[in-house]
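Coordinate inspection notes
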Amino acid sequence: MGKEDASKEYKWFWPDTSDPTQRKKAVDQGAWAGLWITLSFCFILFINSSTLEIPAANIESIVLQFILFRLFVYIIVIPGFLTWRVWKENCFISAILILIYMVCEVILTIMDSGSDLFLLKILAVVLAMNGVRGTLAERKIRSSQQGLPQEQPIL
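Quick notes on the rules
Residues numbered from 1 in each chain as written. Predicted model: local features only at pLDDT ≥ 70, side-chain atom pairs only at ≥ 80, totals over all residues. Heavy atoms only, no water. Helix = DSSP H or I, 4+ residues; strand = E, 2+ residues; numbered from the N terminus. Buried < 20%, exposed > 50% of the residue type's maximum accessible area, 1.4 Å probe, protein only. Contact = heavy atoms within 4.5 Å. Areas by Shrake-Rupley, 256 points an atom, 1.4 Å probe, with all protein chains shown as cover. Axes fitted to C-alpha atoms, helices over the stretch in contact; angles between N-to-C directions. Parallel < 35°, antiparallel > 145°, perpendicular 65-115°, else oblique. Left-handed = near helix turned anticlockwise from the far one by under 90°. Phe/Tyr/Trp six-rings, centres within 6.5 Å; stacked < 30°, edge-to-face > 60°. Lys NZ or Arg CZ within 6 Å of the ring centre and 35° of its normal. Salt bridge = Lys/Arg side-chain N within 4 Å of Asp/Glu carboxyl O. Patch = residues over 30% accessible without salt bridge, like charges linked within 9 Å, V, L, I, M, F, W, Y side chains within 5 Å.

Structural notes on the overall build of the protein
- In terms of helices and strands, the protein carries five helices and zero strands.
- Along its sequence from the N terminus, the protein presents helices and strands in the succession α-α-α-α-α.
- Residues classed as buried in the protein amount to 32% of the 155 residues present.
- For the protein, contacts bridging at least 24 residues in sequence account for 65% of all contacts bridging at least 6.
- Carbon and sulfur atoms make up 69% of the accessible area of the protein, which amounts to about 10400 Å² in all.

Considerations on the packing of helix H4 (residues 92-111) against helix H5 (residues 118-145)
- Axis separation between H4 and H5 bottoms out at 9 Å; the angle between their running directions is 165°. Judged by the angle between their axes, H4 and H5 are roughly antiparallel. The element H4 and its partner H5 pack so that their crossing is left-handed. Here Phe92, Ala95, Ile96, Ile98, Leu99, Met102, Val103, Glu105, Val106, Thr109 and Ile110 of H4 come into contact with H5, specifically with Phe118, Lys121, Ile122, Ala124, Val125, Ala128, Met129, Gly131, Val132, Thr135, Leu136 and Arg139.

So, the packing of aromatic side chains
- For the coordinates displayed, the defined rule picks out two aromatic pairs.
- Geometry around Trp87 places Lys88 over its ring, the cationic atom sitting 4.4 Å from the centre.

So, the side chain of Arg23
- Note that Arg23 resides in helix H2 (residues 20-50).
- With sequence-adjacent residues up to four places away left out, Arg23 is seen in contact with Asp16, Thr17, Ser18, Gly134, Ala137, Glu138 and Ile141.

Some remarks on the pattern of salt bridges
- Enumeration according to the criterion identifies four salt bridges in this entry.
- The shortest N-O distance in the salt bridge between Lys24 and Asp28 comes to 3.2 Å. Linking Lys24 with Asp28, this pair stays in helix H2, spanning four residues, or about one helical turn.
- For Asp28, a relative accessible area of 22% corresponds to the partly exposed category.
- Among the salt bridges present, the one from Glu105 reaches Lys121, with a minimum N-O distance of 3.7 Å. Of this pair, Glu105 sits in helix H4 while Lys121 sits in helix H5, and the two are 16 residues apart along the sequence.

Description of a nonpolar patch on the surface
- Taken together, the side chains of Phe43, Ile44, Phe46 and Ile47 define a hydrophobic patch exposed on the protein surface, amounting to about 410 Å² of accessible area.
- A relative accessible area of 57% places Phe46 in the exposed class.

Encoded structure:
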């Protein structure tokens, strides 16, 4: 197995951002990580709302649960919007925010004494990192095509 065969084997895991098709795959991987966040929050909201017991006489708890429900809906809408921006517009800032969301989710999993999905979350962090790499490479190419000065690499 040669050096080129080994590099082809891991291209799905860490795409080369100098190639346009691989760069697009890296951006799409970042969008998949954002979709993971959005769907996991939707699942948590669905599970919590189906087991929600609202006492009829206590108006304060009803108001508090309504506020928490709206807050959680915003927590779902934000990663969904960021995912769309990474997927459609190659937005670098949105890719960074998705990466931050994923790192926070992994840290919360570690603080919660682990989970069955820990390795899957680590994979999602790597996908989010690929999204940052892909959008950064796309940003550099756009700035070089427009004649703007090259930015120093962040990563």
